[in-house]
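Reading the structure
This is what each chain is made of:
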Amino acid sequence: MSSGEAIPEQAGRPEDITAVPVRRPGRWVLAAIVLVVAVAIVRSVVTNPNFQWGVVGEYLFDGRILHGLRVTIELTVIAMGIGILLGVLLAIMRLSPNWLVSSASSFYIWFFRGTPVLVQLLFWYNIAALYPKIGLGIPFGPAFIHADANTLITPFAAAILGLGLNEGAYMAEIVRAGIISVDPGQADAAQSLGMTRLQTMRRIVLPQAMRVIIPPTGNETISMLKTSSLASVIVVTELLYASQLIYSVNFKTIPLLIAASFWYIVCTSVLYVGQYYLERYYGRGARDRGATPLQRIRAGLLSVRHQPSQ
Amino acid sequence: MTPPMVKAEAVHKRFGRLEVLKGVSLEVAAGEVMCLLGPSGSGKSTLLRCINHLEKINSGRLSVDGELVGYRQVGEKLHELREGEVARKRSQIGMVFQHFNLFPHMTALDNVTCAPMRVKNESRDGAEARARELLDQVGLGDKVDAYPSQLSGGQQQRVAIARALAMEPKLMLFDEPTSALDPELVGDVLAAMQQLARDGMTMIVVTHEMGFAREVADTVVFMDAGVVVESGKPADVLSDPRHERTRAFLSKVL
């Protein structure tokens, strides 16, 4: 400062404002309506005997249901794995300067996004009608290994193929969006340091693209968990079909559908938490991330425990 | 006689129909500091990007340390270099960007060790020891664990300089290294560059910092509309420009 004048200090802080708040009667009316509706729903869920909560509890941990749950998780994990790998590959292909490579990727995405998954699943299930024998060999030449399509493509394999290949098309667009969201200057910097295109993609571009890729991928995984129930139409005994098999015999339709829904919700909740931590991991360096809910609870417990000694 | 570190002969570069470089010729000797001046759009940055083959030139000859950039000459014919060879040559040329382009998902230390470890396969211990030394040199010894978002622009740019130096380049290219900085942060970056020049590094600097050009540069080159208008010692070009266009430009920036 050039001048030596000091700014006169305030004598004291002015009083905090205490004003009469605006009345919001609409809010109160709305709250009352929500409350009434909520109570009505809970009451009917508890008192309506048709829910047959006892039966739900009976079947929740039934061996067949748990086996169905396992198949559902397997389907989700494998199909999503195929989808992600395929998606990364297709996205990189689509961004390739080679015209043929990028068109092949575009064509794949166009085709698999353009047809319903249910139809694709039925196609794979009936693949034997199209190609009774599947062989491995020289293109247009002799084949070395032959297999019967019906034994090779089991219902489970058909479900994996249908769900995974379809997912690849969607993941490709998600990954591509992530890659082009990264500043091109990052690739310039990496290449100026002597990294090859592959190293640049793997070490610099993809880790940054992850921040954009993860949230929609979480969505896709949750959606896949539920879409896998479509495999019930091609006799894969996943969660839904397992419960359908039971209620087709004992006609306790609603309780078994509730049991299935319960497990779907448990799985999606687990995925939701997983996504939160994954996003945090890939958000490093982006901003101050703060504590996780778990860390906050632990910190809270510690401070409570320490208080008496202070 | 040793060949010049950089030699450009009638270099042309087009982006579609737009001709950005229209026959640029210049030489930079080993250990020389050259400042490229000129209005925006004159092709200075493009020339830098051509020197480490981030852009391909359309005609002319461009060589670094006696070797053609991006090609190998066999008889009369030019053969394109494979990607690995281009990458290896780039690794010997450091580049500093206007917008720093630090890797935001890595700490300052990891930014500096990344290329030595991945490109030169150095051990982590060796790379880290050297990275700490370099960060210390640019005055950021206490910021090794900071992420770029936690650093000021000037600090980020100095990490970027350390990152480029970690590859032990024989040539450093600076593309308007202080243009994106707040005025009070420019000094530290220029000081780091000046120290580098004193240590004998060959440098090509695109800049609008006339003070830096006058004090540090051995040669000043003025470019306009894709050609070199004039070049010479900073005292001559900056104080007594011969061309009207140079005079007009300098009267605006000084």
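Here's a quick rundown of the structure. (Residues numbered from 1 in each chain as written. Chains lettered and ligands numbered in written order. Predicted model: local features only at pLDDT ≥ 70, side-chain atom pairs only at ≥ 80, totals over all residues. Heavy atoms only, no water.)

Residue and element names in this part refer to chain B. In space, the six strands of this open sheet follow the order E8-E9-E10-E3-E11-E12, with mixed pairing throughout. The sheet is open, and its two edges are formed by strand E8 (93–96) and strand E12 (227–232), each paired on a single side. Each neighbouring strand pair of the sheet contributes to a mean axis angle of 15°, computed without reference to strand direction. Here strand E3 (residues 33–37) runs beside strand E10 (residues 203–206); their pairing, made up of four bridges, is parallel. Within E10, the position partnered with Met34 by the bridge is Ile204. Sheet contacts for helix H1 (residues 44–51): E3, E8, strand E9 (171–175), E10 and strand E11 (219–224); angle to E9, the most-contacted strand, approximately 150°. (Pairing = 2+ DSSP bridges. Helix = DSSP H or I, 4+ residues; strand = E, 2+ residues; numbered from the N terminus. Axes fitted to C-alpha atoms, helices over the stretch in contact; angles between N-to-C directions. Contact = heavy atoms within 4.5 Å.)

In most cases, non-glycine residues show a negative phi, while peptide bonds are predominantly trans. If you check the backbone angles, Val235 of chain A has positive phi at about 50° while not being a glycine. Structurally, the position occupied by Val235 of chain A is in the loop between helix H10 (197–227) and helix H11 (239–250). At Ala225 of chain B, a position not held by glycine, the phi torsion is positive, near 50°. Here Ala225 of chain B shows up in the loop between E11 and E12. The partly exposed category is assigned to Ala225 of chain B, whose relative accessible area is 36%. (Buried < 20%, exposed > 50% of the residue type's maximum accessible area, 1.4 Å probe, protein only.)

A few words on the nonpolar core. Among the nonpolar cores identified, the biggest contains 50 residues, and Leu135, Met172, Phe174, Met193 and Met203 of chain B are the most heavily contacted of them. When residues no more than four places from it in sequence are discounted, the contact partners of Met172 of chain B are Gly94, Val96, Ile161, Ala164, Leu165, Leu196, Met201, Thr202, Met203 and Ile204 of chain B. (Core = buried A, V, L, I, M, F, W, Y, C linked by side-chain atoms within 4.5 Å.)

Now for the sheet that holds strand E4 (residues 59–64) of chain B. Residue and element names in this part refer to chain B. Taken in spatial order, the four strands make up an open sheet running E2-E1-E4-E5, and their pairing is antiparallel. Each of the sheet's edge strands pairs with one partner strand only, and the pair in question is strand E2 (18–28) and strand E5 (67–68). For E4 and E5, the ladder comprises two bridges, and the chain directions are antiparallel. Its bridge partner being in E5, Val64 is matched across the sheet by Glu67.

Once that is clear, we can look at the interface of chain B and chain A. Contact with chain B, which involves 25 residues of that partner, is made by 21 residues of chain A. When the area that chain B buries against chain A is broken down by residue, the three leading residues are Phe103, His105 and Arg118 of chain B, summing to 29%. Across the contact surface, chain B and chain A share one salt bridge. The partner of Asp188 of chain A in a salt bridge is Arg49 of chain B, and the shortest N-O contact between them spans 2.8 Å. Linking chain B with chain A are six residue pairs in polar contact (both at pLDDT 80 or more), by the criterion used here. Sorting elements by how many residues they give to the side of chain B that touches chain A places helix H3 (residues 108–119) of chain B first, with four residues. Taken together, the residues of the side of chain B that touches chain A sort by class into 15 nonpolar, five polar and five charged. (Buried area = accessible area lost by both parts, 1.4 Å probe. Salt bridge = Lys/Arg side-chain N within 4 Å of Asp/Glu carboxyl O. Polar contact = N/O pair within 3.5 Å; in protein donor to acceptor, adjacent residues only side chain to side chain. Nonpolar A, V, L, I, M, F, W, Y, C, P; charged D, E, K, R; others polar.)

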